[in-house]
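# Structural overview for review
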Amino acid sequence: MKKLCLLGLLVSLASQTALADTSAAAAHLKEKKAFVDHLLGQMTQDEKIGQLRLISIGPEMPREKIREEIAAGRIGGTFNSRTAPENRPMQDAAMRSRLKIPMFFAYDTIHGNRTIFPIGLGMASSWDMKAIATVGRTSAVEAAADSLDMTFAPMVDIARDPRWGRTSEGFGEDTYLTSKIGKVMVESFQGKSPAEHDSIMAIVKHFALYGAVEGGRDYNTVDMSLPKMYNDYLPPYRAAIDAGAGGVMVALNSINGVPATSNTWLMNDLLRKEWGFNGVTISDHGAIQELIRHGVARDGREAAKLAIKAGIDMSMNDTLYGEELPGLLKSGEVSQAELDQAVREVLGAKYDMGLFKDPYVRIGKPENDVPDYYADARLHRDAARDVARRGLVLLENRQQTLPLKKSGTIALVGPLADAPIDMMGSWAADGKPVHSVTVREGLRRAVGDKAKLVYAKGSNITGNQAMFDYLNFLNFDAPEIVNDPRPAAVLIDEAVKAARQSDVVVAVVGESRGMSHESSSRTTLEIPEVQRDLIKALKATGKPLVLVLMNGRPLSIGWEREQADAVLETWFSGTEGGNAIADVLFGDYNPSGKLPITFPRSVGQIPMYYNHMRIGRPFTPGKPGNYTSQYFEEANGPLYPFGYGLSYTEFSVSPLTLSSKTLKQGASLEASVTVKNTGKRDGETVVQLYVQDVAASMSRPVKELKNFQKIMLKAGEERVLTFRIGEDDLKFYNSQLKFAAEPGEFNVQVGLDSESVQQQSFELL
């Protein structure tokens, strides 16, 4: 009886007040383990199981039913409800439950909440950690103000097969760059503490190896050696966890034949024991049920048993934990200790989010509710514009076609030139198309009355009816793609007419956002044929042609590159994308973005990534290709390499110097270059450092990114950049999974992309 009274002091809260500050309550609340253990001791079996259920707000369970289940202690958290008026009644229901254990509310805030920033590839293209921190912090502030406690982000899956639709969500192909971004995103989401009123808990995903699915087909299998896992694919998850991520979302794929959701080695041996992770683990949507279709569980009962024994704490969109765990516990197939450990992690996450101290910490009081959650005034437009333009990548600029002049007549054409939905990209949280600045609107604002802007759509996104139907089927509320019913020839003729009366043509082409999304894997990386027909017709006018690409993956644009005088990669650049693109097109901002992922020439080259393994018969450019690793139908090598991106100015990099030709274990040396802005405009660039292990106990990559610096130089300015290289930069997991640097020769390369580099060597003693 005394224990229940103390528990009442700990978790019984008046509807907007924190815990009573009695000495006993305060003592327990200040010590996480004691608090969680004490609360766990008061819970019934049904209440424990309830904490493991993460329920989607939607048709699966009506809101009234959800509130009943919460009040009965049978739900631990929800996702997809996004405002205080939606979430307060559910938290009120939790406060009516026997133990008054608070709910948490989660959502996929990936690259913005209401203000939408560039997609992951766009953020990564900035190579700017301050800009990326702005994305995370702004997203957290907006999400918390809407009453959200948790986000299923960052997504740090390494993607080396761009056919995969979810390439758009991540940060590219490189382990080092993705690890740095993942760390920054976790820290900026969670701020000083995930318990703060303006912070949210980060749930890193998708653990693990989801970006390596076979054939780039979503939800597929992954078969991978342990050294490749440890060296290439696992470090970004580890970096996010080491940064303090409160949780992990588990991947939908299998790993070497064992689904991640039932993979005891992955979830217990690696994550918990080897890495020391003590946060909450959450299945992906419906993944426990899918163990049956994976072929590792006979039925729902066995699926639930496999998942909880593997270490899956919360079941997203749960049915099986609620239905099957009581029987599994009764039979002894699942132990009380296994159940308690999962519940302990859920309660611990709620403690870390500050919900036991104040369940309404982010919901607030009714009188403080925002009158209009969708008001434009709530957006952070200046930040969105600044981040967006930092991630735009200039791929081509023949005869200084760009920047454009704000004079004369400009033809703007293309199916994506006035596409507010597509501007936001995939997983755009609570962003609204009405808030998006399209390229058409951005250019209109930029030129004002100084130039004439002539617009024509020119083509639809696709002329393939099956593709059109599929992309609209993905959207539950309303079709995203609305075709112009006029014949393709009529649309092209209209665009050609606009081009002929103009001084320059800007064509905005590429993919709709649905083409680079979950469940949108592709067999080709080409721009749809109707858009290529448009480009061909525009080229025939003889007018300077600027291609503005919108896409969520690298595209095969070898032919398009030959037609265009300039090419600007904009990805899906978010709420302020149109203004950011206009800033770069007219030279109000000098582009500085660099590719975080390789552009192959064709889909046949996949996988293509810069840090591939060394082999015995490599293809060497300029030499005969006979009996070397190459394709003979087209040029070898990428269309655009990792780290590539142009500017409106020019930069030179001096020969590389090393402070020493030898490096003792435990010591460091310095690599230095002088970088000069040799052009006539101020500009930023990213100076990149790569390392190659010349001879090791196993084959190693041709090079690996180990550091970079983004610098601003005025026209004519030069600066000495110094990179420190230590033993840790040379370490790798060998065939026995020993993490160590092996003595021998190493090459150091410094340059402005992964191919254009200066090189020196040293020896690790």
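What you are looking at is a predicted structure, and each value in this text was computed from that prediction instead of being measured.

Once that is clear, we can look at the overall build of the chain. Counting secondary structure elements, the chain contains 24 helices and 27 strands. Here the C-alpha radius of gyration of the chain, 27 Å, is about what a compact globule of 765 residues would show, namely 27 Å. Considered along the principal axes of its C-alpha atoms, the chain spans approximately 85 × 65 × 50 Å. Taken across its 765 residues, the chain has 60% of its residues classed as buried. Long-range pairs, those at least 24 residues apart, make up 77% of the contacts in the chain between residues at least 6 apart in sequence.

Right, let's talk about the packing of aromatic side chains for a bit. Tallying each qualifying case throughout the model produces 17 aromatic pairs. Aromatic pair Phe 35 and Tyr 351: ring centres 5.7 Å apart, planes at 50 degrees, arrangement tilted. One end of the pair, Phe 35, is in helix H3 (residues 32–42); the other, Tyr 351, is in helix H16 (residues 336–352), and 316 residues separate them in sequence. For Tyr 351, a relative accessible area of 17% corresponds to the buried category. Centre to centre, the rings of Tyr 176 and Phe 708 are 6.2 Å apart; their planes meet at 90 degrees, and the pair counts as edge-to-face. Separated by 532 residues along the polypeptide, Tyr 176 in helix H9 (residues 175–190) and Phe 708 in strand E22 (residues 704–713) bring together distant segments of the chain.

Our focus in this paragraph is the UniProt feature "domain: Fibronectin type III-like" (unreviewed entry) in the chain. As annotated in UniProt, the feature "domain: Fibronectin type III-like" (unreviewed entry) corresponds to residues 685–754 in the numbering used here. Structurally, residues 685–754 comprises 0% helix and 57% strand, and the distance from its first C-alpha atom to its last is 14 Å.

Residue Pro 154 follows Ala 153 across a cis peptide bond; omega there is 5 degrees. With omega at 0 degrees, the peptide bond leading from Ile 606 into Pro 607 counts as cis. Notably, Gln 400 is not glycine yet its phi reads approximately 50 degrees, a positive angle. As for its position among the elements, Gln 400 is in the loop between strand E11 (393–397) and strand E12 (409–413). For Ala 429, which is not glycine, the phi dihedral falls at a positive 50 degrees. For Ala 429, the position within the fold is in the loop between helix H18 (420–424) and helix H19 (439–447).

Attention now goes to the sheet that holds strand E5 (residues 201–207). Strand order in the open sheet formed by 8 strands is E9-E6-E5-E4-E3-E2-E1-E10, and the pairing between neighbours is parallel. Strand pairing shows two members of the sheet lacking a second neighbour, strand E9 (280–282) and strand E10 (315–316), which therefore form its edges. In terms of strand pairing, strand E6 (residues 247–250) meets E9 through 3 bridges, oriented parallel. By the bridge assignment for E9, Val 248 is matched with Thr 281.

The geometry of helix H14 (residues 300–310) relative to helix H15 (residues 320–331) is characterised by a closest axis approach of 9 Å and an angle of 80 degrees between their N-to-C directions. It follows that H14 is roughly perpendicular to H15 by the angle criterion. Between H14 and H15, the contacting residues are Gly 300, Arg 301, Ala 303, Ala 304, Lys 305, Ala 307 and Ile 308 on the first element and Leu 320, Tyr 321, Glu 324, Leu 325, Gly 327, Leu 328 and Ser 331 on the second. Taken together, the residues of the contact of H14 with H15 sort by class into 8 nonpolar, 3 polar and 3 charged.

Right, let's get into the environment of Ala 580. Take Ala 580: it is sitting in helix H24 (residues 577–585). Linking Ala 580 and Thr 438, residues 142 residues apart in sequence, is a C-alpha distance of 9.9 Å.

This paragraph deals with the side chain of His 435. With respect to the helices and strands, the residue His 435 is situated in the loop between H18 and H19. Classification of His 435 by relative accessible area gives buried; the value is 9%. There is a polar contact of 3.2 Å between the side chain of His 435 and the backbone oxygen of Tyr 374.

To continue, consider the nonpolar core. Most often, soluble globular proteins have nonpolar side chains that are buried together. Within the largest apolar cluster, 132 residues are counted, with the highest numbers of intra-cluster contacts made by Phe 152, Phe 207 and Leu 234. The residues touching Leu 234, leaving out its near neighbours within four places in the chain, are Phe 207, Ala 208, Leu 209, Met 229, Leu 270 and Trp 275. One finds Leu 416, Ala 419, Val 567 and Tyr 648 within the second-largest nonpolar core, a separate group that totals 70 residues.

Conventions we followed
- Residues numbered from 1 in each chain as written.
- Predicted model: local features only at pLDDT ≥ 70, side-chain atom pairs only at ≥ 80, totals over all residues.
- Heavy atoms only, no water.
- Helix = DSSP H or I, 4+ residues; strand = E, 2+ residues; numbered from the N terminus.
- Rg over C-alpha atoms; globule rule 2.2 N^0.38 Å.
- Buried < 20%, exposed > 50% of the residue type's maximum accessible area, 1.4 Å probe, protein only.
- Contact = heavy atoms within 4.5 Å.
- Phe/Tyr/Trp six-rings, centres within 6.5 Å; stacked < 30°, edge-to-face > 60°.
- UniProt positions renumbered as here; feature names shortened; annotations may be inferred.
- Pairing = 2+ DSSP bridges.
- Axes fitted to C-alpha atoms, helices over the stretch in contact; angles between N-to-C directions.
- Parallel < 35°, antiparallel > 145°, perpendicular 65-115°, else oblique.
- Nonpolar A, V, L, I, M, F, W, Y, C, P; charged D, E, K, R; others polar.
- Polar contact = N/O pair within 3.5 Å; in protein donor to acceptor, adjacent residues only side chain to side chain.
- Core = buried A, V, L, I, M, F, W, Y, C linked by side-chain atoms within 4.5 Å.

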